[in-house]
Amino acid sequence: MYSNIKELLILTEKENKSLSEIILLNEIELSERNKEEILDDMWLRYEVMVNSANKALFESADSEGNLIAGIASNHYNYIKKSESICGSLINMAMARALSCSEVNASMGKICAMPTAGSCGIVPAVIISVAEEKNKTKEEILKALLVSSGIGAVITKNATVSGAEGGCQAECGVAAAMAAAGAVELYGGTPQMAAEACGLALINVMGLICDPIGGLVQIPCAQRNASQAVNALLSADLALAGMKCRIPTDEIIEAMYRVGKKLPMELRETALGGIAATKTGKMLGNFCDKY
Amino acid sequence: MNISIFQVAGPVMIGPSSSHTAGAVRLARTASRLVNYEFDYVTFGLHASFAETGTGHGTDKALVAGVLGLMEDDENIINAFYLADKRNLRYKFYKINLEGMHENSVKITFYKGDKQLGIVCGSSIGGGEITINQIDGYKTEIRDEYPTLFIRQRDKEGIISFITSILSEYKINIATMKVSRMKKKENAACVIELDEKIPEEIIYRLEQNRDIYSVNTINM
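Here's a quick rundown of the structure. Computed from a prediction, not measured in an experiment: that's the story for all the values here.

Looking at the pairing of strand β11 (residues 212-218) of chain B
All names here are of chain B. Among the seven residues that make up β11, five are buried, leaving the element largely enclosed by the rest of the structure. Sheet analysis places strand β8 (residues 148-154) next to β11, joined by six bridges and oriented antiparallel. Among the inter-strand pairings, I151 is bridged to a residue of β11, identified as V215.

Take a look at the structure:
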C-alpha cells in the first residue's frame with residue numbers, strides 16, 4: 001500500500017506494474033468494485049469533461065452575472081482565423097480549459113477535477129494530447145487514473161482547497177495531476193510522471209486565490225488556461241529527462257506549508273490580490289445582495 | 001491510499017461551486033424529503049456567505065431546485081425559478097443571522113397557503129457535503145450519507161425499543177441514532193442512520209403504532 005509518491009513509485013518497481021495499474025488495484029480494494037465498474041465510472045466522468053471542454057467553444061455560455069461569457073469561443077475563433085504564437089496544441093488546450101470554466105460559471109454541468117474552480121485543467125490537457133497523438137480509450141483511461149491517483153496522494157498529504165492553500169492548491173494541483181497524466185499518455189515512466197507533478201507544483205508555488213467578487217470566474221478561468229499550459233510544459237520537461245532534484249513528496253509538503261502561511265486575505269476571501277483592486281472591487285459589487 | 005480517485009475526479013455537478021451550488025441543492029432536497037410536507041410556499045433565510053455571495057453562485061436557484069427534488073448534476077437547476085412557477089411553488093429569500101452556524105447555512109420554512117408547516121436548518125460544509133442541524137426545533141445531525149429515518153413519536157417508554165426491534169427483524173444495522181424531545185411525556189423525535197436501504201414495509205409497520213406520529217426517510 002502507499003500513502004505518498006515515493007511509496008507509489010516503489011510499488012510500481014516491486015510489483016513490476018504501471019502507475020495506472022497500481023492506482024486501479026488500490027481503488028478496487030478501497031471501493032470493493034471491480035475493474036470494469038471503475039473504468040466505466042471514470043469514462044462517464046470523462047464524457048462530462050469532454051462536453052464541458054467543447055460546449056463554450058461554439059456557443060457563449062451567457063448567463064446572469066457572468067463576467068467571462070464568450071471568452072472560450074473568442075479564443076477558439078482566434079485559433080481558427082489567425083497564426084498564433086504558441087501553435088494549435090497549446091491554444092486548443094487553453095480554449096478547452098476556458099470552456100470548462102465558462103460552463104462552470106454559467107451553471108452548466110462539469111466534473112470537479114479536483115475542484116469545480118479548477119475543472120478545466122485536466123480535461124484540457126488530456127483531451128488535447130490524446131487528440132494530437134490519436135490515443136485510444138484505454139490509454140486515455142490510464143492517464144485519467146494516473147491524474148486522479150496523484151490527486152488523491154496530494155489530497156491526503158496537503159490540500160486541494162483554495163480557501164486553505166491558495167490557487168497553488170487548486171489550479172496548481174490540477175496542473176500537477178494533468179502533467180502526470182500527460183506523461184502517462186505519452187508513454188513516460190512512473191518516475192517521469194512524478195517529476196512532471198513536482199515540476200508543475202514548483203512552477204506555481206505561492207500562487208494566491210483572489211477571485212473577483214468571490215466568484216469562480218476571474219482570474220479562475222485564466223488560471224485554468226495558464227495551468228493547462230504549465231501541465232503541458234512540465235510534462236515535456238520531465239519526458240526530456242529533467243529531474244526536480246527535490247523529491248515530489250517534499251514539493252507537495254512545501255506547497256502545503258506555503259498555503260498555510262498565506263494570510264486569510266489571499267485565500268478565496270476576495271480581500272486581496274486582483275479582487276482587492278479598485279476595478280476588482282467594482283466588478284465584484286455587481287451581484288445583488290439580500 | 002484511503003482516498004478514492006473519485007473523490008478527486010468528481011463530483012459531476014452543476015457549477016460554479018461545490019459548496020454554494022451543489023451543496024445547496026442537496027441541502028434543500030434533503031430538507032424537503034425529511035419533512036415530506038405538501039408545501040406550495042417556501043422561504044429561505046440565508047446566513048453569512050450564503051447571503052453575501054449566494055446570487056453569484058446560483059445558491060438561490062440551487063435551493064429552489066433542491067426543494068423541487070432535483071439532483072446536483074441536473075442541468076435544469078438553472079431553470080429552477082421557471083420550474084417552480086410551473087408547479088405553482090412560490091418562494092422568497094431573506095437575510096438572517098443564524099447564531100453559531102456554519103457560514104454556508106440556510107433556514108428553510110415550508111408553508112401550505114398561509115399555514116406554516118415546519119422549519120429545517122442546515123449547512124453546506126464544503127465539497128458538496130451537508131448537515132441538517134435542526135428540524136422543527138429538534139436538534140439533529142443528518143449528513144445524507146446513509147439511508148436515514150426521521151421519526152416523530154410520543155415521549156413514552158418502549159417506543160424506541162419498538163422501532164429498533166422492527167429494524168432488527170429486517171436485519172438492518174443501525175449506524176447512528178439520536179433521540180430528542182420537546183417536553184417530557186409529549187413530543188419527541190429520533191434520527192436513525194442505517195447501513196441498509198429502508199424497505200417500504202418497515203415504514204408501513206412503524207406508522208401503524210399510534211404513538212408514532214410521522215415517519216420520513218432518505219433512501220440512498
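There's more to say after this.
Examining helix α6 (residues 159-169) of chain B
Residues and elements named next belong to chain B. Burial in α6 covers these residues: I159, I163, I166 and L167. The arc that holds every buried residue of α6, seen down its axis, measures 100°, which confines them to one face. Summarising the contacts, the buried residues of α6 are in contact with β8, β9 (174-181), β10 (187-194), α7 (200-208) and β11. Backbone geometry just downstream of α6 places K171 in the positive-phi region, at approximately 55°.

Focus: the interface of chain A and chain B
The interface of chain A with chain B comprises 45 residues on the first partner and 34 residues on the second. Together chain A and chain B conceal approximately 3300 Å² of surface at their shared face, both sides included; 64% is due to carbon and sulfur atoms. For the interface between chain A and chain B, the tally reads zero salt bridges. Of all the secondary structure elements, the ones that give two or more residues to the side of chain A that touches chain B are α2 (19-31), α3 (35-58), α5 (88-105), β1 (109-111) and α7 (137-157) of chain A. At eight residues, α7(A) tops the list of elements feeding residues into the side of chain A that touches chain B. By residue class, the composition of the side of chain A that touches chain B is 23 nonpolar, 12 polar and 10 charged.

With respect to the environment of B:T148
All names here are of chain B. Structurally, T148 is set in strand β8. Looking at T148, the relative accessible area reads 0%, which means it is buried. For the pair T148 and N216, spaced 68 residues apart in the sequence, the C-alpha separation amounts to 8.3 Å. A polar side-chain atom of T148 sits 2.8 Å from the main-chain carbonyl oxygen of Y146.

Some details on the packing of helix α10 (residues 190-204) of chain A against helix α11 (residues 220-239) of chain A
Residues and elements named next belong to chain A. Across the interface, α10 lies against α11 with an axial gap of 8 Å and an inter-helix angle of 135°. The angle between the axes of α10 and α11 places the two elements in the oblique class. The element α10 and its partner α11 pack so that their crossing is right-handed. Facing M192, E195, A196, L199, A200, N203 and V204 of α10, the residues of α11 in contact are Q227, N230, L233, S234, A235, L237, A238 and L239. Residues of the contact of α10 with α11, tallied by class, amount to 10 nonpolar, four polar and one charged.

With respect to the sheet that holds β9(B)
Residues and elements named next belong to chain B. The four strands are arranged β9-β10-β8-β11 in an open sheet whose pairing can be described as antiparallel. Two strands in the sheet have a free side with no partner beyond their single neighbour: β9 and β11. Neighbour to neighbour, the strand axes of the sheet diverge by 15° on average, direction disregarded. When β9 meets β10, the two strands line up antiparallel, connected through seven bridges. Across the sheet, the residue bridging to M177 is I192, located in β10. α7 rests against β8 and β11 of the sheet, and its axis sits at about 165° to β11.

A few points about the packing of aromatic side chains
Residues and elements named next belong to chain A. Scanning the entire structure with this criterion turns up nine aromatic pairs over all chains. Aromatic side chains F58 and Y76 sit 5.2 Å apart centroid to centroid with 75° between the ring planes, which places their arrangement in the edge-to-face category. Highlighted residues: F58 in helix α3 and Y76 in helix α4 (residues 71-81), separated in sequence by 18 residues. Residue class for F58 comes out exposed when judged on its relative accessible area of 60%.

Considerations on unusual backbone geometry
Look at the link from A:M113 to A:P114: it is a cis peptide, with omega at 0°. Mapped onto the fold, A:P114 is located in the loop between β1 and α6 (121-132). Of the consecutive residues B:G15 and B:P16, the connecting peptide bond is found in the cis state with omega at 5°. Its location among the elements puts B:P16 in the loop between β1 (12-14) and α2 (18-35). Within the chain, A:R245 stands out as a residue other than glycine whose phi angle is a positive 75°. Looking at where A:R245 falls in the secondary structure, it is placed in the loop between α11 and α12 (248-261). Unusually for a residue other than glycine, B:N88 sits at a positive phi of about 55°. Looking at the secondary structure, you find B:N88 in the loop between α5 (80-86) and β3 (90-96). On the accessibility criterion, B:N88 (61% relative accessible area) is exposed.

Comments concerning the side chain of A:E102
Residues and elements named next belong to chain A. Residue placement: E102 occurs in helix α5. Among buried Asp, Glu, Lys and Arg side chains, E102 stands out as unpaired, with K55 the closest opposite charge at 9.9 Å. One polar contact links the side chain of E102 to the main-chain amide nitrogen of G70, over a distance of 2.8 Å. Contacts of E102, omitting those with residues within four sequence positions, involve A56, S60, A61, N66, I68, A69, G70, I71, A72 and S73.

About the thresholds
Residues numbered from 1 in each chain as written. Chains lettered and ligands numbered in written order. Predicted model: local features only at pLDDT ≥ 70, side-chain atom pairs only at ≥ 80, totals over all residues. Heavy atoms only, no water. Buried < 20%, exposed > 50% of the residue type's maximum accessible area, 1.4 Å probe, protein only. Helix = DSSP H or I, 4+ residues; strand = E, 2+ residues; numbered from the N terminus. Pairing = 2+ DSSP bridges. Arc of directions from axis to C-beta. Contact = heavy atoms within 4.5 Å. Buried area = accessible area lost by both parts, 1.4 Å probe. Salt bridge = Lys/Arg side-chain N within 4 Å of Asp/Glu carboxyl O. Nonpolar A, V, L, I, M, F, W, Y, C, P; charged D, E, K, R; others polar. Polar contact = N/O pair within 3.5 Å; in protein donor to acceptor, adjacent residues only side chain to side chain. Axes fitted to C-alpha atoms, helices over the stretch in contact; angles between N-to-C directions. Parallel < 35°, antiparallel > 145°, perpendicular 65-115°, else oblique. Left-handed = near helix turned anticlockwise from the far one by under 90°. Phe/Tyr/Trp six-rings, centres within 6.5 Å; stacked < 30°, edge-to-face > 60°. Lys, Arg positive; Asp, Glu negative; His and termini not counted.

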